[in-house]
Amino acid sequence: MKALLLVRHAKSSWRHKALADLYRPLSGRGYRQALGIRARLPIEPELWLCSPAVRAYSTALLAGAAPLQLEPALYPGDVNACLSCLDGLPDSLSRVAMVSHNPGLEALAERLSGQSLVLKTAEMVLLCWQGEWQSWRMGVQITPIRRED
């Protein structure tokens, strides 16, 4: 069974308006949210794929991500880039987390499960299916098993 945990980054700060979007840090609330993710993990990921945006990377680190792999394609949050990351995963892995952005994560969850899901900051959804990582291309039924707010 393959388990994909989609994690939307924690709340970011807009305090430094001159910073480019990629470099926006977490807000105080975001730090608290990210620390809380660890206690709510429904699986123990073997690999964390992460957007290189500071807010996503910080969320993953505070959530205890290890091993962590930065994926430039996951920024700014495009569903096709997310799907490409899935296609590149070795089938030796069973449990993977992806920390990224909307609208890509919500679109990915909908594409894989056929259900419309809303992911607010620091929310997660776990998708599980039988087969290989690329099975989504063959219309394998993927069901959201658990969602944490």
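Our subject is the structure that appears above.
Only a predicted model underlies this, so the values are computations on that prediction, with no experimental measurement involved. (Residues numbered from 1 in each chain as written. Predicted model: local features only at pLDDT ≥ 70, side-chain atom pairs only at ≥ 80, totals over all residues. Heavy atoms only, no water.)

### Thoughts on the pattern of salt bridges
- One pass over the structure, following the stated rule, counts 4 salt bridges.
- Between Arg-55 and Asp-21 there is a salt bridge, with its nearest N and O atoms 3.1 Å apart. Placement of Arg-55 in helix α2 (residues 54–62) and of Asp-21 in the loop between β1 (2–8) and α1 (28–40) is noted, with a sequence separation of 34 residues between them.
- A salt bridge links Glu-44 to Arg-38; its shortest N-O distance comes to 3.5 Å.
- Owing to a relative accessible area of 37%, Arg-38 belongs among the partly exposed residues under this scheme.
- The structure contains a network of salt bridges with shared partners spanning Asp-21, Arg-24 and Arg-55. (Salt bridge = Lys/Arg side-chain N within 4 Å of Asp/Glu carboxyl O. Helix = DSSP H or I, 4+ residues; strand = E, 2+ residues; numbered from the N terminus. Buried < 20%, exposed > 50% of the residue type's maximum accessible area, 1.4 Å probe, protein only.)

### Looking at the environment of Gly-104
- In this structure, Gly-104 sits in helix α4 (residues 104–113).
- Looking at Gly-104, the relative accessible area reads 1%, which means it is buried.
- C-alpha separation for the pair Gly-104 and Pro-90, spaced 14 residues apart in sequence, amounts to 22 Å.
- Setting aside residues up to four positions removed in sequence, Gly-104 forms contacts with Gly-77, Asp-78, Val-79 and Cys-82. (Contact = heavy atoms within 4.5 Å.)

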